[in-house]
Amino acid sequence: LYSSAASDVYKRQNDNCMEPSFAKGTYLFIELNPILNNKDIGVFCLNNKILIRRFYSKKGNIVLKADNKEVDDIKITDSDTFLIIGKVLNKKGI
């Protein structure tokens, strides 16, 4: 994560999990500590791994979904260490 005047931080997408919304190598501008709504794209720390996924919450259950249909959904459990880092505000391709 890097600092930017246009957002709190930015991060480069390192995989294809969010294609076709944005490709590997895209810079993502991120607001730290936001409130996320369903379908927002967020940056998360799950069990010490940084992930970028769509956020879904229903009746206290959280699911992280990739836009790439070949990537499995992640259901957050009580045994997971989970933190919402930020919300993706914008992107810039390479």
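Residues numbered from 1 in each chain as written. Predicted model: local features only at pLDDT ≥ 70, side-chain atom pairs only at ≥ 80, totals over all residues. Heavy atoms only, no water.

S.K.: Lay out unusual backbone geometry with the relevant residues and their values.
M.R.: Cis geometry marks the peptide bond from E19 to P20; its omega dihedral reads 15 degrees. Here P20 is to be found in the loop between β2 (9–12) and β3 (27–32). For K39, which is not glycine, the phi dihedral falls at a positive 80 degrees. Exposure remark for K39: the relative accessible area of 55% places this residue in the exposed category. Phi angles above zero are rare outside glycine, and N48 is one such case at about 70 degrees. Judged by relative accessible area, N48 falls into the exposed class, the value being 74%. (Helix = DSSP H or I, 4+ residues; strand = E, 2+ residues; numbered from the N terminus. Buried < 20%, exposed > 50% of the residue type's maximum accessible area, 1.4 Å probe, protein only.)

S.K.: For the packing of aromatic side chains, give the residues involved together with the corresponding values.
M.R.: Going through the model one piece at a time under the given rule, you end up with two aromatic pairs. Their ring planes at 20 degrees and their centres at 5.7 Å tell us that F44 and F82 sit as a pair that is stacked. You can see F44 sitting in strand β4 (residues 41–46) and its partner F82 sitting in strand β8 (residues 82–92), a full 38 residues away along the chain. Among the aromatic residues, those joined into a ring-pair cluster are F44, F55 and F82. Above the ring of Y56, the side-chain terminus of K65 is found at 4.7 Å from the ring centroid. (Phe/Tyr/Trp six-rings, centres within 6.5 Å; stacked < 30°, edge-to-face > 60°. Lys NZ or Arg CZ within 6 Å of the ring centre and 35° of its normal.)

S.K.: Before we move on, could you go through the pairing of strand β6 (residues 61–65) and cite the residues and values that matter?
M.R.: Pairing of strand β5 (residues 49–58) with β6 involves five bridges; the strand directions are antiparallel. Looking at β6, one finds that F55 is bridged to L64. Pairing geometry for β6 and strand β7 (residues 74–75), over two bridges, is antiparallel. Its bridge partner lying in β7, V63 is registered against K75. (Pairing = 2+ DSSP bridges.)

S.K.: Any details on the side chain of N68? Residues and values, ideally.
M.R.: Position of N68 among the secondary structure elements: in the loop between β6 and β7. Not counting residues within four places of it along the chain, the set of residues in contact with N68 comprises N16, C17, M18 and E19. (Contact = heavy atoms within 4.5 Å.)

S.K.: I'd like a description of the nonpolar core, backed by residues and values.
M.R.: C17, M18, F22, L28, I30, I41, V43, C45, I52, A66, I85 and V88 form the largest nonpolar core, which has 12 residues in total. Those elements giving two or more residues to this core turn out to be β3, β4 and β8. Broken down by element, the residue count for this core peaks at three residues, all from β4. With eight residues, the next largest nonpolar core counts L36, F44, I74 and I76 among its residues. (Core = buried A, V, L, I, M, F, W, Y, C linked by side-chain atoms within 4.5 Å.)

S.K.: Lay out the pattern of salt bridges with the relevant residues and their values.
M.R.: Counted according to the given criterion, the structure contains two salt bridges. Residue D40 is joined to K87 by a salt bridge in which the shortest nitrogen-to-oxygen separation is 3.7 Å. Of this pair, D40 sits in the loop between β3 and β4 while K87 is found in strand β8, placing the two residues 47 residues apart along the sequence. Looking at D40, the relative accessible area reads 15%, which means it is buried. By relative accessible area, K87 is classed as partly exposed at 22%. Residue R54 is joined to D67 by a salt bridge in which the shortest nitrogen-to-oxygen separation is 2.7 Å. Of this pair, R54 sits in strand β5 while D67 sits in the loop between β6 and β7, placing them 13 residues apart in sequence. Residue R54 is classed as partly exposed on the basis of its relative accessible area, which comes to 21%. (Salt bridge = Lys/Arg side-chain N within 4 Å of Asp/Glu carboxyl O.)

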